[in-house]
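Letter by letter, the chains look like this.
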Amino acid sequence: MKQYFPSVSAVKYEGPQSRNPLAFKRYNAAEKVAGKTMREHLRFSVAYWHTMKGTGSDPFGAATLPRGWNRAADPMQQAEDTLRAAFEFFTKLGVDYYCFHDRDIAPEGESLRESNARLDRMVSLAKKLQADTGVGLLWNTANLFSHPRYANGAATNPDAAVFAHAASQVKKMLEVGLELGATNYVFWGGREGYDTLLNTDLKRELDHLAAFLRMAVDYAKKIGFKAQFLIEPKPKEPTKHQYDFDAGTVIGFLKSYGLDGHFKLNIENNHATLAAHTFQHDLTVASAHGMLGSVDANQGDLLLGWDTDQFPTDLYGTAYAMLVILGQGGLAPGGLNFDAKVRRASVDPEDLFIAHIGAMDAFAHGLKVAARLIDDGVLRDFLERRYASYDAGIGAAIEAGKADFAALEAHALEHGEPEPRSGKQEMLENIVNQYLLGMQ
Ligand code: XLS
Ligand code: NI
Ligand code: NI
């Protein structure tokens, strides 16, 4: 069998002292943390579009990344080579999952019929490679943003013929998800938004988007596809205004259309920061509503205003994320999908391994820190004390829905001015640092 990464062998855990760039320093798949193995907690996934299809091209320059799998002249041969290279990558890296868009694994044809036939060919190869390796599909999705037909949107396109085309792509991908045993299915509305209200009927577009999502729910049910449906919020880019701006907006949208029982959220770090939130904020909003389903684990560059999709290396970010994830009892059936790409100057194929290794180590460290913080109860004890006034008396009456404004006024008149109480932010930040630094 041809190898696309001949210089890399299976990546091993060598521990914190290792100087080997191609070894894990922190991620030890079989090691138990808080009752589960790291592998079970973290559920890592590789993003096919970046890792296998990313070329390093940007709006100012051509492809920079030489790849052994994209050389064949015939596009279907190229697709097959890419799929084989992908499974070599997944197994050498030691991840259990991957994610893809329809057009990542099979090139679009001249017609929908041809595109579907091409997809079928690649899906049967993917099925075989999944069975051979044990690597599973965390989620699949339809690319409803690259083709020129989606320039004015997909489900929110003013032309119903485009809506129908988008629906056909999702229909096909629900069938593909079923065939490949995907545990989730993602909707990211890249073109679902608008640039100007001069040409946009916002209310109608929102209604159309809801109708689209409802049809997807119905079709999945009809064919027996039981994957968790996920919506991935993003505030801007490629459109100026996106309908799925952030977690709060998506949850409100789903609730107002009665769709919230059918969807959870796939939260991406770089999308949260583009919405002027922290990653932890959007994770917490989703989790607070019982709707945190999965994570696109990357990080952005806060000095740049677009989705730079970098590999996560920020240990605060991973520790805070894992606090939310452990706090809700895990992500399954979701996972941590590295929606991240190497920089366009990182031209060595081994850089793909190095990037994922660093990201997996960063999340493994975050997991350990979060597990210890939770185990020691330091933050929880503080929180409990901070809200203790709601555990009894007037506070308990508020929470139980038994207080009214008259009773509260009586309470305020009787008790006088409340004592100021410190929020202790610096103390808590110092505690987090102590745990981050103290980990061996
Ligand atoms: C783009 C999105 C996209 C989704 C899948 O910014 O992150 O990659 O994850 O369509
Ligand atoms: Ni994403
Ligand atoms: Ni993104």
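Residues numbered from 1 in each chain as written. Chains lettered and ligands numbered in written order. Predicted model: local features only at pLDDT ≥ 70, side-chain atom pairs only at ≥ 80, totals over all residues. Heavy atoms only, no water.

Asker: How should the packing of aromatic side chains be read in this particular structure?
Answerer: The description of an aromatic ring pair uses the distance of the two centres, along with the angle that the planes make with each other. For the coordinates displayed, the defined rule picks out 24 aromatic pairs. Each residue in the set Y4, F5, W69, F89 and F353 is aromatic and connected to the rest through ring pairs, giving one cluster. (Phe/Tyr/Trp six-rings, centres within 6.5 Å; stacked < 30°, edge-to-face > 60°.)

Asker: Sorry if this is basic, but what is going on with unusual backbone geometry here?
Answerer: Leaving glycine out, the prevailing phi sign among residues is negative, and the prevailing peptide bond configuration is trans. The omega torsion of the bond from E237 to P238 falls at 5°, within 30 degrees of zero and hence cis. Mapped onto the elements of the fold, P238 is located in the loop between β10 (228–231) and β11 (241–242). Although it is not a glycine, D309 adopts a positive phi angle of roughly 50°. One can find D309 in the loop between β13 (292–296) and α11 (315–327). (Helix = DSSP H or I, 4+ residues; strand = E, 2+ residues; numbered from the N terminus.)

Asker: Any chance you could explain empty space enclosed by the protein here in plain terms?
Answerer: To find leftover empty space, a probe the size of one water molecule is rolled over the atoms. This model, assessed by the stated rule, comprises two cavities of 30 Å³ or more. Within this model, the largest cavity holds a volume of roughly 240 Å³. When contributions to the lining of the largest cavity are tallied by element, the ones reaching two or more residues are β8 (184–187), α7 (202–223) and α8 (247–256). Of the residues contributing to the lining of the largest cavity, the split by class is 16 nonpolar, three polar and three charged. Quantified by volume, the second largest cavity comes out at close to 40 Å³. Around the second largest cavity, the lining residues are P233, K234, P235, F245, D246, I267, E268, H271, A272 and D282. Elements supplying a minimum of two residues to the lining of the second largest cavity: β12 (263–268) and α9 (269–274). Residue classes in the lining of the second largest cavity are distributed as five nonpolar, one polar and four charged. (1 Å grid on protein atoms, 1.4 Å probe; cavity = no way out; pocket = protein on both sides within 12 Å on 5 of 7 lines; lining within 4 Å. Points joined across faces, edges and corners; volume = space filled by probe spheres on them. Nonpolar A, V, L, I, M, F, W, Y, C, P; charged D, E, K, R; others polar.)

Asker: Would you take a moment to explain the layout of surface pockets for this structure?
Answerer: For the largest pocket, the calculated volume is near 1,300 Å³. In this structure, the largest pocket is lined by 46 residues; those nearest its centre are H50, S57, D307, D309 and K341. Only α2 (48–51), α4 (102–105) and β7 (136–141) provide two or more residues apiece to the lining of the largest pocket. Top contributing element to the lining of the largest pocket by residue count: α2, with three residues. Residues that form the lining of the largest pocket fall into these classes: 15 nonpolar, 14 polar and 17 charged. Here the second largest pocket is characterised by a volume of approximately 760 Å³. Every residue lining the second largest pocket is counted, 21 residues in all, and those nearest its centre are Q280, L323, L379, L383 and L428. Elements supplying a minimum of two residues to the lining of the second largest pocket: α10 (279–288), α11, α12 (350–376), α13 (378–386) and α16 (425–438). Ranked by residues supplied to the lining of the second largest pocket, first place goes to α13 with five residues.

Asker: Explanation requested: the coordination of the nickel ion (ligand 3) in the structure shown.
Answerer: In ideal tetrahedral geometry, four donors around a metal make angles of 109.5 degrees, whereas ideal octahedral geometry with six donors gives angles of 90 or 180 degrees. Distances from the nickel ion (ligand 3) to its protein donors, E268 (OE), H271 (NE2) and D307 (OD), fall at 2.1 to 2.3 Å. In the primary sequence, the donor residues of the nickel ion (ligand 3) line up as E-x2-H-x35-D. (Donors = N, O, S within 2.8 Å, 3.2 Å for Na, K, Ca; no water.)

Asker: Looking at this structure, how should I read the coordination of the nickel ion (ligand 2)?
Answerer: For the nickel ion (ligand 2), the protein coordination sphere consists of E232 (OE), E268 (OE), D296 (OD) and D339 (OD), at 2.0 to 2.1 Å. Coordination at the nickel ion (ligand 2) is octahedral, judged from the six donor atoms that bind it and the angles of 80 to 176° they form at the metal. In primary sequence terms, the donor set of the nickel ion (ligand 2) follows E-x35-E-x27-D-x42-D. A separation of 3.8 Å is found between the nickel ion (ligand 2) and the nickel ion (ligand 3), which share E268 as a coordinating residue. On the criterion of sequence distance, the pair formed by D296 in strand β13 and D339 in the loop between β14 (336–338) and α12 is long-range, its members being 43 residues apart. With respect to burial, D296 and D339 carry one shared label: buried. (Tetrahedral: all angles 85-135°; square planar, octahedral: opposite > 155°, others 65-115°. Buried < 20%, exposed > 50% of the residue type's maximum accessible area, 1.4 Å probe, protein only.)

Asker: When you look at the site of ligand 1 in this model, what are you seeing that I'm missing?
Answerer: If you check the shell around ligand 1, you find W49, H101, W139, W188, E232, K234, E268, H271, D296, D307 and D339 and nothing else. Within the side chain of E268, one N or O atom sits 2.8 Å away from an oxygen atom of ligand 1. Contact distances for ligand 1 include 2.8 Å between an oxygen atom and a side-chain N or O atom of D307. Its atoms largely coinciding with the cavity grid, ligand 1 occupies the largest pocket. Class assignment of the residues belonging to the shell around ligand 1 gives a composition of three nonpolar, two polar and six charged. (Near = heavy atom within 4 Å. Polar contact = N/O pair within 3.5 Å; in protein donor to acceptor, adjacent residues only side chain to side chain. Sits in = over half its atoms within 2 Å of the grid points.)

Asker: Quick question: what am I supposed to make of the side chain of D282 here?
Answerer: If you trace the backbone, D282 turns up in helix α10. Of the side chains with opposite charge, K234 comes closest to the buried, unpaired D282, at an N-O distance of 13 Å. Polar contacts involving the side chain of D282 include one to the main-chain amide nitrogen of A247, which spans 3.1 Å. Those residues within four positions of D282 in sequence are excluded, and the remaining contacts are D246, A247, I267, A272 and H277. (Lys, Arg positive; Asp, Glu negative; His and termini not counted. Salt bridge = Lys/Arg side-chain N within 4 Å of Asp/Glu carboxyl O. Contact = heavy atoms within 4.5 Å.)

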